[in-house]
Amino acid sequence: MTVPDRAPVGGVVVVTGGAGFVGSHLCEALVERGNSVVCVDDLSTGRRENLAGLDSHPAFELIEADVSAGIPTLPFGPPAAVLHLASAASPPAYLARPLQTLAVGSEGTRHALELAARHGARFLLASTSEVYGDPAEHPQTEGYWGNVNPIGPRSVYDEAKRFAEALTFAHHRALGTDVAVARIFNTYGPRLRPDDGRVVSNFISQALAGEPLTVYGDGTQTRSLCYVSDQVAGLIALLDSGVTGPVNIGNPDEHTVSDLARLVVTLTGSASPIVHEPLPADDPTRRRPDISRARQLLGWEPTVPVEVGLSQTARYLAAQSGHTVWEPAGGPETSSARADGHEGGTRR
Ligand code: UDP
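First, a word on scope: everything that follows refers to the structure included in this document. Not measured: the values here are computed from a predicted model.

Some thoughts on the overall build of the protein chain
Looking only at helices and strands, the protein chain features nine helices and 13 strands. Taken over C-alpha atoms, the radius of gyration comes to 19 Å for the protein chain, in line with the 20 Å a tight globule of 348 residues would show. Expressed as lengths along the three principal axes of its C-alpha atoms, the size of the protein chain is roughly 55 × 45 × 40 Å. Contacts in the protein chain between residues at least 24 apart in sequence constitute 80% of all its contacts with a sequence separation of at least 6. When the accessible surface of the protein chain is split by element, carbon and sulfur atoms take 54% of a total near 13800 Å². Charged side chains of the protein chain number 27 positive and 39 negative; the gap between the two group centres comes to 4 Å.

Next comes the structure, spelled out in structure tokens:
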């Protein structure tokens, strides 16, 4: 195992998309370990309340701006790193914003890269398993080039991220910019929007409301779910390493969508039925990361079991919906996971 011997990135870190689901957890973790964090977010899908815990923290600043249009002058002085997470990320959100999604993946990435290059800062791109499209290889290693429909509705996200990767590597080769590319696989946890449209937020919200769980297609398609604290630990491990990647950051624990629906019903004690609805266009049939590279190069692997993570997410979504906070059988929080999602994802 090779874990690069580099000091953690200190000083100022810029996080684009820092008010989003993953971004807000990342901002908190970075502030907690001593970084000064500037979050740049246009609040189109991110939410100010995700950052309530950092409100008026002296080492945190939220700048409301669309990075596709440019990055304004930032507080705290020159950044040591720029983490580019800004983008709609749930399929309904990016399908509703096709042009903005392409803009933030292209122009937004260019602006974030230029900011990093100007200051000799490390640049980390939050890419995605969607670069593999509907994968012909399984599980997906970083060496797999993908199977993407370039003109399908999902291409606005897939191709934007593929372009963002190309731009990041071009910067690295042409200008020597210090870059890292994380390919993020399906991530879930507290701060998923209840109306976000992704599988975990939909199923849990439906189960808590006693409504039918909507399985798209026959439910045999698979996803591998990574709890948000594990995801954040992986991103920070990559940030602190000298690794360029790309590196898959995800949990290889693979489930069919039908299994996930049944698991959510069981965990929430819901009486909801499971119904089937049409499969969205180009919905990938299977997805599981090969995380050998992350294990070897970063000394990272996920640690939160899906039952624990789903229970934490259910607790959060129950509190959000204004209903009585749901508690799992066996009582309130266990010591292995807190309601705000901060645990797990340790470096070995
Ligand atoms: N899905 C589903 N019901 C829902 C939402 C999603 O069956 O209410 C399916 C979706 O078709 C896909 C999987 O769950 O096969 C994961 O979807 P999600 O939108 O969470 O993310 P994706 O991996 O497709 O980007």
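Examining the site of the ligand
Contacts to the ligand come from 18 residues, most closely from Val 199, Thr 214, Tyr 216, Arg 223 and Asp 283. In this structure, Asn 202 approaches the ligand through a side-chain N or O atom, which is 2.8 Å from an oxygen atom. Backbone polar atom of Thr 214 to a nitrogen atom of the ligand: 2.6 Å apart, as the coordinates give it. Within the complex, the protein chains bury 95% of what would otherwise be the 510 Å² of accessible surface of the ligand.

Reading guide: rules and limits
Residue positions are given per chain, counted from 1 along the sequence in the order it is written. At least 70 in pLDDT is required for a residue's local features to be given in this predicted model, at least 80 for side-chain atom pairs to be given and counted, and no such filter applies to totals for whole chains, interfaces and linings, which use all residues. Side-chain measures here rest on the full set of heavy atoms in the structure, leaving out hydrogens and waters. Put simply, DSSP marks the helices as runs of H or I at least four residues long and the strands as runs of E at least two long, and each gets a number from the N terminus on. C-alpha atoms define the radius of gyration in this analysis, and the globule rule sets the expected value at 2.2 Å times the number of residues to the power 0.38. The contact criterion used is simple: two residues touch if any of their non-hydrogen atoms lie within 4.5 Å. Note on areas: Shrake-Rupley with a 1.4 Å probe; residue coverage comes only from the protein chains shown. Counting rule for charge: Lys and Arg are taken as positive, Asp and Glu as negative, and neither His nor the chain ends is counted. Where a charge lies is defined by one atom per residue type: Lys uses NZ, Arg uses CZ, Asp uses CG and Glu uses CD. Whether a residue is near a molecule or strand is decided by its heavy atoms; if any one of them lies within 4 Å of it, the residue is near. Two N or O atoms form a polar contact when they lie within 3.5 Å of each other; inside protein one atom must be a possible hydrogen donor and the other a possible acceptor, and for residues adjacent in sequence the pair counts only when both atoms belong to side chains.

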